[in-house]
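# A closer look at the structure
Here is what each chain is made of, one letter per residue.
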Amino acid sequence: MAKYLLKRILFSLFALIVVTGIVMVLVYTYTNRNDLLKSDDNWKKRSGNEQKLYEYTVFQRYGYLEFVDYTTFLKTKYLETEGESYTQNEDYKKAKNAISDSATFQDYPDVAEFIDKYYGEGYDFVYMPVLKYASGKEKAGGGAILLAVNEKSVWNRLWDYITGFITFESKYDVEDENLTDRYIRWEDDPYSKLPALVGSGTKHKYLIYFDSRFPFIHQNLIKINLGISSVTYKNQEITDVINTPTGDMKVVTVQYPTQLGTDQYTETSIDFHSVTYNNAGVSDSDRAIFTDNYTVYSYQKKGLTMLENSFIIGFIATVIAYLMGLPFGIFMSRHKDGLADKTGNFYIIFMMSVPSLAYIFLFATIGTTLFGFPYKFATSTTKIGGYILPVICLALPGLGNVMRWIRRYMIDQMNADYVKFAKAEGLSEQEIFSGHIFPNAMVYLMQGLPGSILGCLTGAIITERVFAVPGVGGLLTTAIDSKDNGIIIACTVFYTFLTILSIILGDLLLSRYDPRVSLTDGKGGGR
Amino acid sequence: MSENAKRDVLLSLKDVEVKFNVRGRYLTAIRGVSLDIYDGESLAIVGESGSGKSVLTKTFSGMLDSNGTISAGSITLYDKALSDSEIDLTNLKKASEWQKIRGRRIATVFQDPMTSLNPILTIGKQMCMVIEKHQRCSGEEAKARAIDIMRKVGIDNPEKRFDDYPFMYSGGMRQRIVIAIALSCRPKILICDEPTTALDVTIQTQILDLIKELQRELDFTVVYITHDLGVVANVAERVAVLYAGQIVEIGTVEEIFFDPRHPYTWALLSSLPQLSVKGEDMYSIAGTPPSLYNKITGDAFAPRNKYAMAIDTVAEPPMFKVSETHYAKTWLLDPRAPKVEPPENIRNLHEKMLAGYVDYSEEDY
């Protein structure tokens, strides 16, 4: 079985890569990227070479290409000259103006260096000469521009995505010659009062730590890079987007690292577990808080993450659907064509035929007017209030679905020969239903069980939108709307992963449950 | 078989009539059947499809489909072991009352062993479910009994195979298990509803021999339902021939095979494939059985009967007594009827049967 599973996992990885590749091709080659500019006011305002440059900025933001401006190159180069700002530097000014002359600019040493550097990295070069009126006056936005542009091929993009998908922190991650003491070790964490795996030279300071937030143990050691949002969540990692609490800042009274050992406390929202290494030089204000160079922090927020919101609602709804749907469906099958069966069938057909938007609003109206449940998620004054209506709206169709299938499979099995035989041997109806029919009917539902639970992680688009639940349900649709390519790809990879995992877990569960199914290749029980 | 007279009657059917409500119309599947089943005998009920063989046995196992009712007659089960030694099975209405009869007094083995067992429960679990239900014993004791009976039906290494699932067994082995489950509560009557139809020919004899052997050892009555006259000749002591919901002839196996009196029995025997001559068409009975939705006047077999007389279309023949054990329902036995000889090909049936019938049991056991 282990061998079979390994094979399945390898196949799954292959499938995941193929799907990612297909989506990348679709997103980056089959959409017209110039559409991005049409509604962009900043683009309309600009003209000439400046407008062109802006186009490259936009394309870079959406992930179509990477480019380096010659001017930016010069800035980094002359920044290193100590003592004066690069704007005052004569060499910088000279180098910057060198590209204005379209005939000789390539011979200028800085330009040659720029071209050499990026040519080696596979970049192409775009040169836009100065735009002038006939009078010799420079047009608006007509200054000369030299760019090194790297239009990524899909293969490169896919390769970069796959190779960068999982990263591990190591103590050699930080490039800083002054940092000599590099280690990863267990230390006492002053914030949780528990041990924590602390690194020096790693990107994050706290690699494994405990805190009061579910699931209480956290890690920064391994990172999954799903991609970066280019539009909706400006340049945030998508894993961070769905895993960061959505509420307001949480103010807690703690000691700054500089205050540890004293009796001073400060009210702050800084999450000291989140600190990463600061390469750019620690400011004086940060120096007052931190004792080392790990000074880049994020804030603690209240509430749950998008993923948690979606999962909690979906999971509770699924549990309710199964806990109620199974007994209801079984009851219906036992009293087939009776009043209960007819009522149940009416309910099932109602849930199947009425569009979800319609019954969601129906339930929302009934819930708010008759029972006074809060309508919008955020307006709930109690902790669980906001969950009630979304859970009901997800549980009721799920309930209908479970009832429908368990009833159908129970009735299928009721006519099986082994039921007739069990009856002929004197077993009671109750014994036959619970001992023979139900276990066999569950064979068909077992495989889908992991899928219906893991599926909660993808969120519910309509329900979440109607009740304004900050969940992951609308992530993909919003991303497609706003051409947020990073999120589109991330969502596809995440959903594909969940689907593949669901199928594998479903098969595993089925093979545990049904003795006829064995997860092996070839001989030894049919698949 | 004169010893039948000495045997006790175990089950007595008197004028049993079964009706089915089929979308508002009534179908009379059994039309006044009277039959005594004796303790320890092997009775075969034969007839073509739709003749009511299965329905007849379902009346005394309480397995009639929900649209079927016993509309007339009585079925009495005699059992000295019961507190009230006579039970009229037609009076049993509650499911709980039937559960005391089924499995414990009357058990059934069905045609297809492949589907008779629950595919996802172990053999042991399925046996113990029935044993625990009827014998009120603990898990360990039930297991011991189950293993004991598994050994009796010829399962090698039953302790090891106890926890196997049905799919790990061959068809023949599964039918042995089905028989084991059916016999696990020592029923007085075992109904075998075409027990070998779904099995490989080589296995068929083994299973029939097994049932015979167990019958000798455990002393129960077997009612075979079959349309395979080869099986009948092999296992039955008495044969009842059913046509259109009535017993048309009943007698010992010798009487039915060597001295049949009813034209339908003649036709049935003539259609034995063993009797066909190479190069000639095999015999088949012309026409189809009458529709049981309508009231049948006269002899139900008359339209297909080449020996039919005028009276056959007017009046239903009574059961004529041929011998103490042999009865036939045909006007041909009336003293006024012309003398009719059975067809040529079924005379000397005994020799022909022996020539065509290969006994596999000696080879494969």
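Before reading further, recall that the structure is shown in the block above.
Quick summary incoming for the structure in this document.

Basis of the calculations
- Residues numbered from 1 in each chain as written.
- Chains lettered and ligands numbered in written order.
- Predicted model: local features only at pLDDT ≥ 70, side-chain atom pairs only at ≥ 80, totals over all residues.
- Heavy atoms only, no water.
- Helix = DSSP H or I, 4+ residues; strand = E, 2+ residues; numbered from the N terminus.
- Rg over C-alpha atoms; globule rule 2.2 N^0.38 Å.
- Buried < 20%, exposed > 50% of the residue type's maximum accessible area, 1.4 Å probe, protein only.
- Contact = heavy atoms within 4.5 Å.
- Areas by Shrake-Rupley, 256 points an atom, 1.4 Å probe, with all protein chains shown as cover.
- Lys, Arg positive; Asp, Glu negative; His and termini not counted.
- Charge placed at Lys NZ, Arg CZ, Asp CG, Glu CD.
- Axes fitted to C-alpha atoms, helices over the stretch in contact; angles between N-to-C directions.
- Parallel < 35°, antiparallel > 145°, perpendicular 65-115°, else oblique.
- Left-handed = near helix turned anticlockwise from the far one by under 90°.
- Nonpolar A, V, L, I, M, F, W, Y, C, P; charged D, E, K, R; others polar.
- Patch = residues over 30% accessible without salt bridge, like charges linked within 9 Å, V, L, I, M, F, W, Y side chains within 5 Å.
- Salt bridge = Lys/Arg side-chain N within 4 Å of Asp/Glu carboxyl O.
- Disulfide = S-S within 2.5 Å.
- Buried area = accessible area lost by both parts, 1.4 Å probe.
- Polar contact = N/O pair within 3.5 Å; in protein donor to acceptor, adjacent residues only side chain to side chain.
- Core = buried A, V, L, I, M, F, W, Y, C linked by side-chain atoms within 4.5 Å.
- Pairing = 2+ DSSP bridges.
- Phe/Tyr/Trp six-rings, centres within 6.5 Å; stacked < 30°, edge-to-face > 60°.
- Lys NZ or Arg CZ within 6 Å of the ring centre and 35° of its normal.

## Some thoughts on the overall build of chain B
- Helix and strand counts for chain B stand at 14 helices and 12 strands.
- Here the C-alpha radius of gyration of chain B, 21 Å, is about what a compact globule of 365 residues would show, namely 21 Å.
- In terms of overall dimensions, chain B has C-alpha extents of about 65 × 50 × 45 Å along its principal axes.
- The 365 residues of chain B split such that 55% are buried.
- A separation threshold of at least 6 residues defines the contact pool for chain B, and within that pool the share at least 24 residues apart is 65%.
- Of the roughly 16500 Å² of accessible surface on chain B, 49% is carried by carbon and sulfur atoms.
- The average position of the 43 basic charges and that of the 50 acidic charges among the side chains of chain B differ by 6 Å.

## Looking at the overall build of chain A
- The secondary structure content of chain A amounts to 20 helices and 13 strands.
- Expected size for 527 residues packed as a compact globule is a radius of gyration near 24 Å; at 31 Å, chain A overshoots this value by more than 25%.
- Over its C-alpha atoms, taken along the principal directions, chain A stretches across nearly 105 × 65 × 60 Å.
- Here chain A holds 527 residues, and the buried ones make up 42% of them.
- Partitioning the contacts of chain A with sequence separation of at least 6, the portion at a separation of at least 24 is 62%.
- For chain A, the exposed surface amounts to about 28700 Å²; the carbon and sulfur share of it is 60%.

## A few points about the packing of helix α11 (residues 306-334) of chain A against helix α16 (residues 429-446) of chain A
Residues and elements named next belong to chain A.
- One can describe the packing of α11 onto α16 by two numbers: an axis separation of 12 Å at closest approach and a directional angle of 120°. The orientation of α11 with respect to α16, classified from their angle, is oblique. Here α11 runs over α16; the crossing is right-handed. Between α11, through L326, I330, S333 and R334, and α16, the contact on the second element is made entirely by E429, Q430, F433, F438, M442 and L445.
- Of the residues that constitute the contact of α11 with α16, the class distribution is 6 nonpolar, 2 polar and 2 charged.

## Quick word on a nonpolar patch on the surface
Residues and elements named next belong to chain A.
- Where nonpolar side chains cluster on the molecular surface, the patch consists of F315, I316, V319, I320, L323, M324, F328 and I453 and spans about 630 Å² of accessible area.
- As for its placement among the helices and strands, F315 is situated in helix α11.
- F315 sits in the partly exposed class, given a relative accessible area of 32%.

## Quick look at the state of the cysteines
- Using the criterion set out here, one finds 0 disulfides over all chains in the structure.
- Looking at the unpaired C393(A), the closest cysteine sulfur is the one in C456(A), lying at 15 Å.
- Counting only cysteine sulfurs, C137(B) is the nearest neighbor of C185(B), a cysteine outside any disulfide, at a range of 8.5 Å.
- Take C185(B): its relative accessible area is 6%, and that puts it in the buried class.

## Some details on the interface of chain B and chain A
- Chain B puts 27 residues into the contact, and the matching count from chain A is 21 residues.
- For the chain B and chain A pair, buried surface summed over both sides reaches about 2100 Å², with 67% attributable to carbon and sulfur atoms.
- We note a salt bridge from K133(B) to E431(A), for which the minimum N-O separation is 3.2 Å.
- Counting across the interface, chain B meets chain A through 8 residue pairs in polar contact (both at pLDDT 80 or more).
- Elements supplying a minimum of two residues to the side of chain B that touches chain A: β6 (106-109), α4 (113-116), α5 (123-135) and α8 (171-183) of chain B.
- Here the element with the most residues in the side of chain B that touches chain A is α5(B); it accounts for 5 residues.
- Residues that form the side of chain B that touches chain A fall into these classes: 15 nonpolar, 9 polar and 3 charged.

## So, the nonpolar core
- Ranked by internal contacts, the top residues of the largest apolar core, which has 136 residues, are L11(B), F60(B), L89(B), I179(B), L190(B) and V232(B).
- In terms of residue count, the dominant contributor to this core is α16(A) (8 residues).
- Those residues within four positions of I179(B) in sequence are excluded, and the remaining contacts are V109(B), V153(B), I207(B), L210(B), I211(B) and L214(B).
- In this structure, Y56(A), Y64(A), V241(A) and V493(A) belong to the second largest nonpolar core, which totals 43 residues.

## With respect to the sheet that holds strand β5 (residues 183-188) of chain A
All names here are of chain A.
- Strand order in the open sheet formed by 4 strands is β5-β6-β7-β8, with antiparallel pairing between adjacent strands. Here the strands that pair on one side only, and so sit at the sheet edges, are β5 and β8 (217-219). On average, each strand axis in the sheet is inclined to that of its neighbour by 20°, with strand direction left out of account.
- Taken together, the 3 bridges between strand β7 (residues 206-210) and β8 define a ladder with antiparallel strand orientation. Within β8, the position partnered with I208 by the bridge is Q219.

## Here's the deal with the packing of aromatic side chains
- Under the counting rule described, the total for this entry stands at 36 aromatic pairs over all chains.
- Each residue in the set Y70(A), F73(A), F114(A), Y118(A), Y123(A) and F125(A) is aromatic and connected to the rest through ring pairs, giving one cluster.
- Over the ring of Y28(A) we find R157(A), and its NZ or CZ is 3.6 Å from the ring centre.
- For the cation-ring pair, K420(A) lies above F110(B), with the distance from its terminal atom to the ring centre recorded as 4.6 Å.

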